[in-house]
Amino acid sequence: MAPVGLAHLYQGWLGVAATFVAGLQLATLYQATGSLFAAIAAHVALDLFGLVVRPTLAQMRPRR
């Protein structure tokens, strides 16, 4: 089975590396807490920040 991070290859190798690191952090959170819900909630928060919050803030920024 290929590493799941390779699904992010369309983002370039930096995207693959970033998702790999995020995956390690989520796995560490799960191991530390024993709670899959904590890892899922953190993943949702990451997705919301990247897909909603950052683009919204970028649109609100004044153009030069």
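Residues numbered from 1 in each chain as written. Predicted model: local features only at pLDDT ≥ 70, side-chain atom pairs only at ≥ 80, totals over all residues. Heavy atoms only, no water.

## Topic: the overall build of the protein chain
The following threshold applies: Counting from the N terminus, the helices are DSSP H or I runs at least four residues long and the strands are E runs at least two residues long. Our radius of gyration looks at C-alpha atoms and nothing else; its globule reference is 2.2 Å times the residue count to the power 0.38. Here, Shrake-Rupley sampling with a 1.4 Å probe gives the accessible areas, and only protein chains in the shown set may cover a residue.
Across its full length, the protein chain holds 2 helices and 0 strands. The C-alpha atoms of the protein chain give 15 Å as radius of gyration, which overshoots the globular expectation for 64 residues (11 Å, by more than 25%). When the backbone C-alpha atoms are referred to their principal axes, the protein chain occupies close to 45 × 25 × 15 Å. Split by element, the accessible area of the protein chain, about 5500 Å² in all, is 70% carbon and sulfur.

## A word on the layout of surface pockets
Empty space left among the atoms is revealed by rolling a probe the size of a water molecule over them. Our working rule: Cavities and pockets were defined on a 1 Å grid built over protein atoms only: a cavity is a set of grid points that admits a 1.4 Å probe from which the probe cannot escape, a pocket is an open set flanked by protein on both sides within 12 Å along at least five of seven lines, and lining residues are those with an atom within 4 Å of any such point. Grid points are joined across faces, edges and corners, and a volume is the space filled by probe spheres set on the points. Under the convention adopted here, Pro, Cys and the residues Ala, Val, Leu, Ile, Met, Phe, Trp and Tyr are nonpolar, Asp, Glu, Lys and Arg are charged, and Gly plus all remaining residues are polar.
For the largest pocket, the calculated volume is near 540 Å³. Those elements that place two or more of their residues in the lining of the largest pocket are helix 1 (12–33) and helix 2 (36–60). In terms of residue count, helix 2 provides more of the lining of the largest pocket than any other element does, 8 residues in total. When grouped by side-chain class, the residues that make up the lining of the largest pocket number 7 nonpolar, 7 polar and 2 charged.

## Considerations on the packing of helix 1 against helix 2
The condition that has to hold: Interaxial angle, 0 to 180 degrees, is taken between N-to-C directions of lines fitted to C-alpha atoms, where a helix line uses only the stretch in contact. Between 65 and 115 degrees an angle is taken as roughly perpendicular, under 35 as roughly parallel, over 145 as roughly antiparallel, and anywhere else as oblique. Here is the rule for handedness: rotate from the far helix to the near one, and if that takes an anticlockwise turn smaller than a right angle the crossing is left-handed, while a clockwise turn gives right-handed. A contact between two residues is defined here by any heavy atoms of the two lying within 4.5 Å.
Where helix 1 contacts helix 2, the two axes come as close as 8 Å, and the packing angle between them is 150°. The pairing of helix 1 with helix 2 is recorded here as roughly antiparallel in orientation. Of the two elements, helix 1 crosses helix 2, and the hand of that crossing is right-handed. Contact residues: helix 1 offers L26, L29, Y30 and T33, while helix 2 offers L36, A38, A39, A42 and H43. Grouping the constituent residues of the contact of helix 1 with helix 2 by class yields 7 nonpolar, 2 polar and no charged.

## Description of helix 2
Inclusion rule: The span you would expect from a helix comes to 1.5 Å times its residue count less one. Bend at a given residue is defined as the angle between two axes, one fitted to the seven residues that end at that position and one fitted to the seven that begin there. Counting of polar contacts relies on pairs of N or O atoms within 3.5 Å, with two restrictions inside protein: one atom must be capable of donating a hydrogen and the other of accepting it, and residues adjacent in sequence are counted only when both atoms are side-chain atoms.
The end-to-end C-alpha separation of helix 2 is 35 Å, in line with the 36 Å expected for 25 residues at 1.5 Å each. Approximately 40° is the largest bend angle found in helix 2, and it occurs at F49. One side-chain oxygen of the residue at the start of helix 2 lies 3.3 Å from the amide nitrogen of F37, identifying that residue as S35.

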